[in-house]
Amino acid sequence: MEFEVELVAAIDNCFVSLPLPLIQTLQSTRSSPLPHILALELRSPTHPPNLWFVAWSGATSSPSAIKVSKQFVECISLPNHGTVQVRAAFNVAHASLVTIEPHTEDDWEVLELNSEQAEAAILNQVFVIVDGINLKLSERNGDFKFKMDQLVRLC
């Protein structure tokens, strides 16, 4: 199914909101209920890099658009108002270890001074990650930018 990508400034995580018709279609193709958090694959033949992985955590949006946080769209170069094809991404590998690399000295400081809060922010705001992805997360002591440097997947 195809939907428009819509930026939302008020969302402070990396999850997407989906149109109810898409949720119903995804549910009707499964014999069991949808998982609490669902990985999705977005494809666009006209906007490089043409493939993005995102996660849905249950929120709904307008019937014709997928809502995505502005900061996440900017990090992954997802086109605002672009049209994407959406499908569920099942059998997504799980990571046992993720190494991140902060962008600046300020980002290092936020991470070092607030490592537990930063880890909680990452775990609460991100579900699907890809090697080399750049992200910006909100944490109560400030925002910080980092790059997923290395993923070690579970076997």
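Residues numbered from 1 in each chain as written. Predicted model: local features only at pLDDT ≥ 70, side-chain atom pairs only at ≥ 80, totals over all residues. Heavy atoms only, no water.

The next thing to look at is the overall build of the protein chain. Tallying secondary structure elements over the protein chain gives 4 helices and 9 strands in all. Burial analysis of the protein chain (155 residues in total) assigns 38% to the buried set. Summarising the internal contacts of the protein chain: among those between residues at least 6 apart in sequence, 68% fall at separations of at least 24. When the accessible surface of the protein chain is split by element, carbon and sulfur atoms take 51% of a total near 8,800 Å². (Helix = DSSP H or I, 4+ residues; strand = E, 2+ residues; numbered from the N terminus. Buried < 20%, exposed > 50% of the residue type's maximum accessible area, 1.4 Å probe, protein only. Contact = heavy atoms within 4.5 Å. Areas by Shrake-Rupley, 256 points an atom, 1.4 Å probe, with all protein chains shown as cover.)

Of all residues in the protein chain, 79% have pLDDT values of 70 or greater, and the mean over the chain is 77. Mean pLDDT values over the elements of the protein chain span from 60, in strand 9 (residues 142-153), up to 90, in strand 1 (residues 2-8). For the stretch residues 151-155, pLDDT sits under 50, and the model shows 17 contacts to residues farther than four places along the chain or on other chains. (pLDDT = per-residue confidence, 0-100.)

Ordered in space as 1-5-2-4-3-6, the 6 strands form a closed barrel in which the pairing is mixed. Along the sheet, successive strands turn relative to each other by an average axial angle of 45°, direction set aside. Relative to strand 6 (residues 83-88), strand 3 (residues 38-43) runs antiparallel, the two sharing 4 bridges. Bridging across to strand 6, L42 finds its partner in V86. Packing against the sheet, helix 1 (residues 20-28) makes contact with strand 1, strand 2 (15-19), strand 3, strand 4 (51-61) and strand 6, and its axis sits at approximately 90° to strand 2. (Pairing = 2+ DSSP bridges. Axes fitted to C-alpha atoms, helices over the stretch in contact; angles between N-to-C directions.)

L18, L40, I66 and L78 are the most contacted members of the largest nonpolar core, which totals 24 residues. Secondary-structure elements contributing two or more residues to this core are strand 1, strand 2, helix 1, strand 3, strand 4, strand 5 (65-69), helix 2 (70-76) and strand 6. (Core = buried A, V, L, I, M, F, W, Y, C linked by side-chain atoms within 4.5 Å.)

Along the chain, A121 turns up in helix 4 (residues 115-125). You can call A121 buried: its relative accessible area is 7%. Linking A121 and N13, residues 108 residues apart in sequence, is a C-alpha distance of 8.9 Å.

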